[in-house]
Amino acid sequence: MVDRRRDDGTTEVLLIRRADTGRWSNVAGIIEPGEEPADAAERETLEEARVVVVAEKLVWVRVLPPMQWANGDQAQSLDLVFRCRHVSGDPAPLDGENTDPAWFGLDELPPLPSRHLERIEVALADEPATRFERNGPTGSDRTEP
């Protein structure tokens, strides 16, 4: 999730409109082989919106539901949400995967799926620790073997 401060002190977030569905989304992408996750977040933002950012903090780690590709392959992704700071650049489409990248004030957000709104909420909460989802007992609930 990429944010920046307006001159009046309010926060804006960077969103892209996906070319395949027309829906608004956070900038997202897949880590290339050998690439570090923070580098991937910065690269994807540059590729998808022509905006230079610095990944400052990993804010949320969770496993997404299993999926199946059209060829029958099955996969499950790890969702890493970074809070990224705008460095330079004005949003413009670059890679053909999206159209209309733009900054939005928090009170001006276009319709977004709940998972994208959650990413924005968690990133802007600015908690001191990364949020981890758990299905089993938490560390404090575990007992010695």
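Trainee: Mind showing me how you'd approach the overall build of the chain here?
Mentor: When helices and strands are counted, the chain shows two helices and nine strands. Mapped from its N terminus to its C terminus, the chain presents α and β elements in the order β-β-β-α-β-β-β-β-β-α-β. For the chain, the spread of C-alpha atoms along the three principal axes comes to 55 × 45 × 30 Å. Expressed as a percentage of contacts within the chain between residues at least 6 apart in sequence, the contacts between residues at least 24 apart total 64%. In the form shown here, the chain has an accessible surface area of approximately 9300 Å², with 50% of it arising from carbon and sulfur atoms. Counting 17 positive and 29 negative side-chain charges, the chain places the averaged centre of each group 3 Å from the other.

Trainee: It is not clear to me how helix H1 (residues 37–49) should be interpreted in this structure. Could you clarify?
Mentor: One turn of the α-helix equals 3.6 residues, which is why residues spaced by three or four share an orientation. Between the first and last C-alpha of H1 there are 18 Å, a value that for 13 residues agrees with the 18 Å anticipated at 1.5 Å per step. Each element contacted by the buried residues of H1 is listed here: strand E1 (2–5), strand E2 (11–18), strand E4 (52–63), strand E7 (78–88) and strand E8 (98–105). Looking one or two residues beyond H1, the residue adopting positive phi is Arg50, at roughly 60°.

Trainee: What is the right way to read a nonpolar patch on the surface from this model?
Mentor: A surface patch of nonpolar side chains, amounting to about 210 Å² of accessible area, comprises Leu46, Val52 and Val87. Of note, Val87 is situated in strand E7.

Trainee: I keep staring at the packing of aromatic side chains and nothing clicks. Help me out?
Mentor: Centre distance and the angle of the planes are the two values used to describe a pair of aromatic rings. Evaluation of the coordinates by the stated rule reveals one aromatic pair. For the ring pair Trp24 and Phe104, a centre distance of 5.0 Å and an interplane angle of 80° mean the geometry is edge-to-face. In this pair, Trp24 sits in strand E3 (residues 24–25) while Phe104 sits in strand E8, placing the two residues 80 residues apart along the sequence. Pair check on accessibility: Trp24 and Phe104 agree, each one buried. We note Arg62 situated over the ring of Trp60; from NZ or CZ to the ring centre the distance is 3.9 Å.

Trainee: Mind showing me how you'd approach helix H2 (residues 114–125) here?
Mentor: The end-to-end C-alpha distance of H2 is 16 Å, a good match for the 16 Å that 12 residues give at a rise of 1.5 Å each. Those residues of H2 that sit buried are His116, Arg119, Ile120, Val122 and Ala123.

Trainee: Explain the side chain of Arg119 here, please?
Mentor: Summarising the element assignment, Arg119 is placed in helix H2. For Arg119, the residues in contact, after removing those within four places along its chain, are Asn26, Trp60, Arg62, Asp79 and Val81.

Trainee: Just checking my understanding: could you explain the environment of Trp24 for this structure?
Mentor: The exposure class of Trp24 is buried, given its relative accessible area of 10%. Beyond its immediate stretch of four places on either side in the chain, Trp24 contacts Leu15, Ile16, Arg17, Asp100, Phe104, Pro110, Pro111, Leu112 and Pro113.

Trainee: Explain the side chain of Asp3 to me, please; I cannot follow it from the model alone.
Mentor: With respect to the secondary-structure elements, Asp3 resides in strand E1. Residue Asp3 is classed as buried on the basis of its relative accessible area, which comes to 8%. Here the side chain of Asp3 touches Arg83 through a polar contact of 2.8 Å, side chain to side chain. In contact with Asp3, not counting residues within four places along its chain, are Thr11, Glu12, Val13, Arg83, Cys84, Arg85, His86, Trp103 and Leu124.

Basis of the calculations
- Residues numbered from 1 in each chain as written.
- Predicted model: local features only at pLDDT ≥ 70, side-chain atom pairs only at ≥ 80, totals over all residues.
- Heavy atoms only, no water.
- Helix = DSSP H or I, 4+ residues; strand = E, 2+ residues; numbered from the N terminus.
- Contact = heavy atoms within 4.5 Å.
- Areas by Shrake-Rupley, 256 points an atom, 1.4 Å probe, with all protein chains shown as cover.
- Lys, Arg positive; Asp, Glu negative; His and termini not counted.
- Charge placed at Lys NZ, Arg CZ, Asp CG, Glu CD.
- Expected span 1.5 Å × (residues − 1).
- Patch = residues over 30% accessible without salt bridge, like charges linked within 9 Å, V, L, I, M, F, W, Y side chains within 5 Å.
- Salt bridge = Lys/Arg side-chain N within 4 Å of Asp/Glu carboxyl O.
- Phe/Tyr/Trp six-rings, centres within 6.5 Å; stacked < 30°, edge-to-face > 60°.
- Buried < 20%, exposed > 50% of the residue type's maximum accessible area, 1.4 Å probe, protein only.
- Lys NZ or Arg CZ within 6 Å of the ring centre and 35° of its normal.
- Polar contact = N/O pair within 3.5 Å; in protein donor to acceptor, adjacent residues only side chain to side chain.

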